[in-house]
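Spelled out from the first residue to the last, the chains are:
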Amino acid sequence: MNYKNITVAGSGVLGSQIAYQTAFKEFNVTVYDINDQALEVAKKRIMDLKPRYQKDLGATEEEVNSAFDRMSFYSDLSQAVAEADLVIEAIPEVVQIKTDFYMELGKVAPEKTVFATNSSYYQVNLRILLDALKNL
Ligand SMILES: NC(=O)c1ccc[n+]([C@@H]2O[C@H](COP(=O)([O-])OP(=O)(O)OC[C@H]3O[C@@H](n4cnc5c(N)ncnc54)[C@H](O)[C@@H]3O)[C@@H](O)[C@H]2O)c1
């Protein structure tokens, strides 16, 4: 598949960095989190990455601004994944949160969407994902 539209779910420490790096690599990125407050925190975190990309990677001001302009922010999951070729999940490592998230994601994501997780605990995640999909 030729991925163009990437949704990052969970915009905390890892999710915000994954989202910005993905946008920097010229994908269209949609950031999803549970509410507008969380998204505002994410925007601030991402804005703080710009000077670091300029200093550490030699990125130009235009490049760091264009990356941010390729990002959009949603607290509604169905809107956040409406065009998604790939969803990268970076939500808290809590079984119930992950289970609920994948149950909902399975209902609203288009058929083409590939799901990926940033979890540190792949075995647990795989089981959650398979259980959630079985219940759809
Ligand atoms: N922090 C690390 O160093 C690190 C390293 C490797 C992997 N990870 C993994 O990455 C994932 C995220 O970790 P983090 O440190 O970025 O967490 P974090 O707590 O910084 O961020 C989690 C984000 O998810 C949001 N969230 C909560 N419930 C949600 C839901 N139902 N749907 C969407 N968003 C939701 C929170 O509002 C928050 O913005 C975890 O699975 C963790 O194990 C983290």
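Residues numbered from 1 in each chain as written. Predicted model: local features only at pLDDT ≥ 70, side-chain atom pairs only at ≥ 80, totals over all residues. Heavy atoms only, no water.

**Student:** Can you walk me through the site of the ligand in this structure?
**Tutor:** The local shell around the ligand holds 19 residues, among which V13, L14, D33, E93 and N118 are the closest. Within the backbone of G12, one N or O atom sits 3.4 Å away from an oxygen atom of the ligand. Contacts to the ligand include K98, whose side-chain N or O atom sits 3.2 Å from an oxygen atom. When isolated, the ligand has an accessible area of 830 Å², and the protein chains bury 69% of it. Of the residues belonging to the shell around the ligand, the class tally is 9 nonpolar, 7 polar and 3 charged. (Near = heavy atom within 4 Å. Polar contact = N/O pair within 3.5 Å; in protein donor to acceptor, adjacent residues only side chain to side chain. Areas by Shrake-Rupley, 256 points an atom, 1.4 Å probe, with all protein chains shown as cover. Nonpolar A, V, L, I, M, F, W, Y, C, P; charged D, E, K, R; others polar.)

**Student:** I keep staring at the nonpolar core and nothing clicks. Help me out?
**Tutor:** Within soluble globular proteins, side chains that are nonpolar generally end up buried alongside one another. With 21 residues, the main nonpolar core has Y20, V29, V31, Y53, M71 and F73 as its most contacted residues. For this core, the secondary structure elements donating two or more residues are strand 1 (5-9), helix 1 (13-24), strand 2 (28-32), helix 2 (36-57), helix 3 (61-69), strand 3 (71-74) and strand 4 (86-89). In this view, F73 contacts V31, L39, K43, I46 and F68; residues no more than four positions away in its chain are not counted. Core analysis: the second largest hydrophobic core is formed by 12 residues, A80, F101, L105 and A109 among them. (Core = buried A, V, L, I, M, F, W, Y, C linked by side-chain atoms within 4.5 Å. Buried < 20%, exposed > 50% of the residue type's maximum accessible area, 1.4 Å probe, protein only. Helix = DSSP H or I, 4+ residues; strand = E, 2+ residues; numbered from the N terminus. Contact = heavy atoms within 4.5 Å.)

**Student:** Hey, could you run me through helix 3 in this one?
**Tutor:** Think of an α-helix as 3.6 residues a turn; residues three or four steps apart then line up on the same face. Buried residues of helix 3: V64, A67 and F68, and no others. In a view along the axis of helix 3, the buried residues occupy a sector of 100 degrees, so they form one face of it. Away from its buried face, by an angle of more than 90 degrees, helix 3 presents the exposed residues E62 and D69. The inward-facing, buried residues of helix 3 contact helix 1, helix 2 and strand 3. (Arc of directions from axis to C-beta.)

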